[in-house]
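Chains, contacts and geometry: an overview
Okay, here's what each chain looks like letter by letter:
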Amino acid sequence: MKQRILTGLGAGALFLLLLVIGGTPYELLLLLLALIGFFEFARLNGISPFHPAGLLGFAGVLFFMLPWEEMGLDVPSDSAAIWLLLLLLLSVTVVAKNRIAVDGAALLLLGAVYVGFGFAAMGDVRSIEPHGLYLSFLSFAAIWASDIGAYFIGKAIGKRKLWPAISPNKTIEGSLGGIACAIAAAIAFQLAAPETIGFGRAVAIGAVAAVAGQFGDLIQSAYKRHRGVKDSGKLLPGHGGVLDRCDSWIVVFPLLVLTGLLPL
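This write-up is about the structure you can find in this document.

Definitions and cut-offs
- Residues numbered from 1 in each chain as written.
- Predicted model: local features only at pLDDT ≥ 70, side-chain atom pairs only at ≥ 80, totals over all residues.
- Heavy atoms only, no water.
- Salt bridge = Lys/Arg side-chain N within 4 Å of Asp/Glu carboxyl O.
- Helix = DSSP H or I, 4+ residues; strand = E, 2+ residues; numbered from the N terminus.
- Buried < 20%, exposed > 50% of the residue type's maximum accessible area, 1.4 Å probe, protein only.
- Phe/Tyr/Trp six-rings, centres within 6.5 Å; stacked < 30°, edge-to-face > 60°.

The next thing to look at is the pattern of salt bridges. Overall, the coordinates contain three salt bridges when judged by the stated rule. Put simply, R160 and E173 hold a salt bridge, and the shortest N to O gap is 3.0 Å. Placement of the pair is R160 in the loop between α6 (132–157) and β1 (161–163) and E173 in helix α7 (residues 172–192), with a sequence separation of 13 residues. A relative accessible area of 51% places R160 in the exposed class.

Right under this line is the structure:
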């Protein structure tokens with residue numbers, strides 16, 4: 001527990017520092033986390049990250065993550081890039097004579113989109129002018145409030161299991177408590193800067209962040225249970241890997257952007 005707390009405090013402080021700084025330092029951190037996250041995803045599925053198919057997956061993550069417009073480069077749309085990545089991965093299954101089969105190619109495509117879009121959305125939100133830092137903190141606060149609220153309220157009064165086949169410790173009471181805490185955190189941010197965001201939008205952000213964040217956690221739990229592993233990686237002692245710690249983030253941020261709750 002001591003190691004877990006120290007690691008969490010150190011990693012959290014570094015992340016928040018770079019979030020405040022923004023710009024290139026934060027973008028590089030997100031890129032690093034995305035690449036490590038995809039590495040974990042490939043390994044979790046028994047695919048060598050350094051196989052040509054794995055390298056194509058890394059290329060897909062880079063495509064979604066790099067700020068092409070800021071670099072003055074014209075690139076295909078996201079949908080065109082996904083199709084091209086799909087074609088290349090399927091082509092590898094032919095060239096490799098099914099040493100990487102079609103299901104492996106599909107998993108690598110899934111991982112590149114899942115991880116790449118998730119971390120790219122975090123960078124997009126931070127770059128919103130002039131309130132990117134505020135909106136990023138609001139979103140993270142809602143996610144973390146949901147996690148903390150669900151844990152402690154579930155411990156205190158939780159009786160009915162939420163999804164025992166996937167995550168036996170989660171309860172319905174804890175889940176609802178997490179949603180309430182996330183909404184409360186979002187409202188606190190709105191009251192602190194009412195000129196920045198409306199009350200209704202803040203409530204919606206809190207609710208979406210909580211529900212989507214809990215689903216993100218359950219998705220990762222289901223996947224690890226299916227693969228028979230406890231953690232996706234060992235990057236953070238006591239906490240597991242990048243996907244273990246960021247499973248909620250990479251679902252919440254794209255959804256907040258796609259719903260227009262955080263307009264780019």
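One pass over the full model with this rule turns up 16 aromatic pairs. Here the aromatic rings of F15 and Y26 are separated by 5.9 Å at their centres, their planes lie at 65 degrees, and the arrangement is edge-to-face. In this pair, F15 sits in helix α1 (residues 2–21) while Y26 sits in helix α2 (residues 23–44), placing the two residues 11 residues apart along the sequence. Here F15 falls in the buried class, since its relative accessible area comes to 8%. Note on F38 and F58: the rings are 5.0 Å apart at their centroids and 70 degrees apart in plane angle, and the pair reads as edge-to-face. Residue F38 is located in helix α2, and its partner F58 is located in helix α3 (residues 52–65); the two are separated by 20 residues in the primary sequence. This pair shows no difference in class: F38 is buried, exactly as F58 is. Aromatic ring contacts, followed pair by pair, group F15, Y26, F140, W144, W249 and F253 into a single cluster.

Our next topic: unusual backbone geometry. The step from E129 to P130 runs through a cis peptide bond, and the omega angle for that step is 0 degrees. Secondary-structure assignment places P130 in the loop between α5 (102–126) and α6.

Its place among the elements puts S139 in helix α6. Relative accessible area serves as the criterion here: at 0%, S139 is assigned to the buried category. With 113 residues separating them along the chain, S139 and V252 place their C-alpha atoms 8.2 Å apart.

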